[in-house]
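Each chain, letter by letter, is given below.
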Protein chains: 2
Amino acid sequence: MDEHAYNTQVGAQTATDYLIASKRCETQDLEHFLALGELVATISNLVHNLQRERGASNLYLASGGAQFVRERQQLCCATDAAVNAFYSCLQRVESSIHRVHGGMRLFNRIAYLLHNLKDLKSLREQIVYRSVALEQATQHYNNLVQSLLAFVFETADAAIDPTISASLVALFNFMQGKELAGQERAAGASGFARGYFDDGHIEHINHLIDGQQRCLEVFESFADLDCAQRWTDYQAHIPVTEIEQLRVQITQKRAGDSRAGVNGRPCIKADPELANRWFVLTTSRIDAMKEVEEGLSERLRQLCEARLKEAHDRLTHHETLIKMLEQSNELPPLSPMQSASVYHSHVLADKPAGRTLMELLQFQAQRLQQMSEELNAAKTALDERKLIERAKLLLMKHRSLSEEQAHRLLRQMAMNQSRRLAEIARSVLEMADVWG
Amino acid sequence: MDEHAYNTQVGAQTATDYLIASKRCETQDLEHFLALGELVATISNLVHNLQRERGASNLYLASGGAQFVRERQQLCCATDAAVNAFYSCLQRVESSIHRVHGGMRLFNRIAYLLHNLKDLKSLREQIVYRSVALEQATQHYNNLVQSLLAFVFETADAAIDPTISASLVALFNFMQGKELAGQERAAGASGFARGYFDDGHIEHINHLIDGQQRCLEVFESFADLDCAQRWTDYQAHIPVTEIEQLRVQITQKRAGDSRAGVNGRPCIKADPELANRWFVLTTSRIDAMKEVEEGLSERLRQLCEARLKEAHDRLTHHETLIKMLEQSNELPPLSPMQSASVYHSHVLADKPAGRTLMELLQFQAQRLQQMSEELNAAKTALDERKLIERAKLLLMKHRSLSEEQAHRLLRQMAMNQSRRLAEIARSVLEMADVWG
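All of these numbers come straight from a predicted model, not from anything done at the bench.

1. Quick notes on the overall build of chain A
A count of helices and strands for chain A gives 16 helices and three strands. In chain A, of all internal contacts separated by at least 6 residues, the share reaching a separation of at least 24 is 76%. Per element, the accessible surface of chain A, about 19,500 Å² overall, is 51% carbon and sulfur.

2. What to know about the environment of A:Thr283
Residues and elements named next belong to chain A. Within the fold, Thr283 resides in helix α10 (residues 274-328). Given the relative accessible area of 18%, Thr283 is considered buried. Along the sequence, Thr283 and Ala181 sit 102 residues apart, while their C-alpha atoms lie 9.1 Å from each other.

3. Digging into the packing of aromatic side chains
For any pair of aromatic rings, the description consists of the separation of the ring centres together with the inter-plane angle of the planes. As enumerated under the stated definition, the model contains 14 aromatic pairs over all chains in all. A centroid spacing of 5.1 Å and a plane angle of 70 degrees characterise the contact between B:Phe153 and B:Phe172, whose relative ring orientation is edge-to-face. Of the two residues, B:Phe153 is situated in helix α5 (residues 134-158) and B:Phe172 in helix α6 (residues 162-194); the sequence distance between them amounts to 19 residues. You can call B:Phe153 buried: its relative accessible area is 9%. Within the aromatic cluster, the residues linked to one another by ring pairs are A:Phe174, A:Phe219 and A:Trp231.

4. Thoughts on the interface of chain A and chain B
With 60 residues of chain A at the contact, the number on the chain B side is 60 residues. Both faces combined, the contact of chain A with chain B buries some 5,500 Å², and carbon together with sulfur accounts for 64% of it. For A:Arg390, the salt bridge goes to B:Glu373, with nearest N and O atoms at 3.1 Å. For the pair chain A and chain B, the interface holds nine residue pairs in polar contact (both at pLDDT 80 or more). At 13 residues, the largest contribution of residues to the side of chain A that touches chain B is made by helix α3 (residues 103-118) of chain A.

5. Quick word on the pattern of salt bridges
Applying the stated criterion to the full structure yields 56 salt bridges over all chains. A salt bridge links B:Arg109 to B:Glu154, with the shortest nitrogen-to-oxygen separation between them at 2.8 Å. Highlighted residues: B:Arg109 in helix α3 (residues 103-118) and B:Glu154 in helix α5, separated in sequence by 45 residues. Taking the relative accessible area as the measure of exposure, B:Glu154 reaches 6% and is therefore buried. The network of salt bridges with shared partners includes A:Asp157, A:Lys379, A:Asp383 and A:Lys386.

6. Observations concerning the packing of helix α1 (residues 15-62) of chain B against helix α4 (residues 120-128) of chain B
Residue and element names in this part refer to chain B. Running from amino to carboxyl end, α1 crosses α4 at an angle of 25 degrees, the nearest separation of the two axes being 10 Å. By the angle between their directions, the pair α1 and α4 is classed as roughly parallel. At the point where α1 passes α4, the crossing takes the left-handed sense. Within the contact between the two elements, α1 uses Leu50, Glu53, Ser57, Tyr60 and Leu61 and α4 uses Leu120, Arg124, Ile127 and Val128. The residue inventory of the contact of α1 with α4, partitioned by class, reads six nonpolar, one polar and two charged.

7. Quick notes on the relation of the copies chain A and chain B
Each copy superposes on the other: chain A lies on chain B with an RMSD of 0.0 Å after a rotation of 180 degrees and an axial shift of 0.0 Å. Given the turn and translation reported, the copies of this chain are related as if by a two-fold rotation axis. Nearest to the rotation axis, the C-alpha of A:His101 is located 2.6 Å from it, this being the minimum over chain A. Looking at chain A, 100% of its interface residues are interface residues in chain B too, so the copies touch through the same face.

8. A word on helix α13 (residues 357-399) of chain A
All names here are of chain A. Between the first and last C-alpha of α13 there are 61 Å, a value that for 43 residues agrees with the 63 Å anticipated at 1.5 Å per step. Residue Ala377 marks the point of greatest curvature in α13, where the axis turns by about 30 degrees. Just beyond α13, the residue with positive phi is Ser400, at close to 50 degrees.

Scoring rules and cut-offs
Residues numbered from 1 in each chain as written. Chains lettered and ligands numbered in written order. Predicted model: local features only at pLDDT ≥ 70, side-chain atom pairs only at ≥ 80, totals over all residues. Heavy atoms only, no water. Helix = DSSP H or I, 4+ residues; strand = E, 2+ residues; numbered from the N terminus. Contact = heavy atoms within 4.5 Å. Areas by Shrake-Rupley, 256 points an atom, 1.4 Å probe, with all protein chains shown as cover. Buried < 20%, exposed > 50% of the residue type's maximum accessible area, 1.4 Å probe, protein only. Phe/Tyr/Trp six-rings, centres within 6.5 Å; stacked < 30°, edge-to-face > 60°. Buried area = accessible area lost by both parts, 1.4 Å probe. Salt bridge = Lys/Arg side-chain N within 4 Å of Asp/Glu carboxyl O. Polar contact = N/O pair within 3.5 Å; in protein donor to acceptor, adjacent residues only side chain to side chain. Axes fitted to C-alpha atoms, helices over the stretch in contact; angles between N-to-C directions. Parallel < 35°, antiparallel > 145°, perpendicular 65-115°, else oblique. Left-handed = near helix turned anticlockwise from the far one by under 90°. Nonpolar A, V, L, I, M, F, W, Y, C, P; charged D, E, K, R; others polar. Least-squares fit on C-alpha atoms with pLDDT ≥ 70 in both. Expected span 1.5 Å × (residues − 1). Bend = angle between axes of the 7 residues up to and from the residue.

What follows is the structure, encoded as structure tokens:
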């Protein structure tokens, strides 16, 4: 067998070199995701700080600048520290972003969020001098948080390893759920404080509750068992029933005494005494979510490290096998101990006979195929989210609806036709050329 | 506006830096695909040479070593030159493979094909000494060609630019169609020479005709108009009708005199006088295909170059816009001439008002989204092919069928249920856990 029939003329690349190159690519990709995972952790922390700063700023503005002056200042300092941690991590991992699939998307998301972050300083000044309306300030914070979450979404889409992708899908959806929980807390607090909820308000809160539910469902189907269990355990300690009772007070359409008109618009009266209770209850839920989120973030890091170690081990193992092959042209069967460290190695271990290079190539091909099949589940969840967002945008544009109205329309169609939301979204988009 | 509210502390990265980084990623990806396109062109050429060498080797073996001695030698030399061209190109573009999405898959395909290529020398020796059966030698060449085509398939799957991906899907399917045409030529020639076609033979040829048709349909739906038109034009010059008449002679199930038994198996008698005519006709078709394929390959090169130039222009253009923004914080509207050079720039040109950095970010986001939506069409074609291949493999394994039998079973189910082949394949795979 002449291994260098041709390539001695132009170089010394052989099949084994490229098999190793294929495995190196995997290893490098995992290294980049370990770095990206770090960045995602700093984003998780930054988002949490922004959420708290937003809450304090709301209360400061709602009290006409009388309350939460010092708390707000402290929270702004904490956010600044989180911003700096994010920036320095970003510098460290920049080269990794260049290397992963979809780097152009990730960079564009970063440009977006930096652009939003840049305006934080002037927003804070406006808040201090109360030259910005509460709703407007809230919207600024919401946009900033959304642009940070969009980056996390994009990393999930960029992942090649199916377990890492699933872990990022779970993390993104949990973060998004927590953000909606934060918005619900703010919307509820202002309604109770004011003493009533009008229809727009109720619709908004229903929208936020619905959104949380969808996010948490996706989280549960993609989280590892430990993280999913942790969330179940925490919920046992959150006063879920009491939160539900208050939610019902806000959102149920009741006829009779509590339903009255304010400024000529129908609304539900609410007890201002409950404002504080609502805030405390929903905060306990959000704090629990933060802890689960930290667990998810830590889990992502461990996963990247474990995958990377496995990939390194496989690489070393294959290099050894190839050396043996070069000497004897056939390999001994794997011992069970050796095979235990090899991802999907049952394929190898199934074959007790000696193995050849062709088999090593086939194992790598099978592994890559299996990875890409497993990746599909996570991608589908991401694609469905994209579909729904695009369908909403289209409806908002063509029928001049608010985001919530567009969402409700999609949900109503899904219920009427007994189809999934994503399928309805797909139909809406497919019909856009016909109706648009 | 304080652009360095935070980042002066840890660096000077701004939103505009990352917008530029996003555009650079696009440019780099296109550079890598320009390199990969070169490699695909050398593969196209290598495959063509292997097909001719396989044909001559068949005739040499079929004639008991009496005919095509010199022709075979010349064709082997031509193949060697093509192999060397492939190797030296591979060395040049290796770093590009490292950088594209799915590099690990591409490297594994290369390892496969190098492994197959390595055995070519010993195969040739066996052919010279006629120590290998014709069918076995053919199978070796077929496998080698398939492993080369598999690399082209993978590049189509790795492409991010939708036009480049479509161009590679068209090229791959055309190459695959041409390979099946080559196999049909060989199978027909041996049957005519022998004087009969048995059922297995007929089934095989039907399978090859059916496969060509599917490949050429996909080619037509993904090729640019020029290349599709060129194929239509060539077909006008190929004696298609005569080829069809001979195909009908081979494949139609006729009752009566021409259907008789050879070695106890039913078969169709064929006129050995037609062997040469069949070879000439099918060769004229394959030669025409080679010319169309060269057009496709050249088209791919031009496309990569054009896309790369556009990306460079956009990058320069954006750098200019960003400089203007830094000076005035708002941009003038694009002139129609400027906008003409910018891909999807109608989005920009639609807005006559001054533009801000946020708008530039949104344009980039829209472009990336549009690219990924357009990419879906090509990906779907590739995914459907993968589905069908996987379903076939599964049926072959679980029901001990040949590839052709598995394919016929799928096709039969598709016809019975009036569903597309890919949908049936999906159902088969989904049901594997239930039935497997």
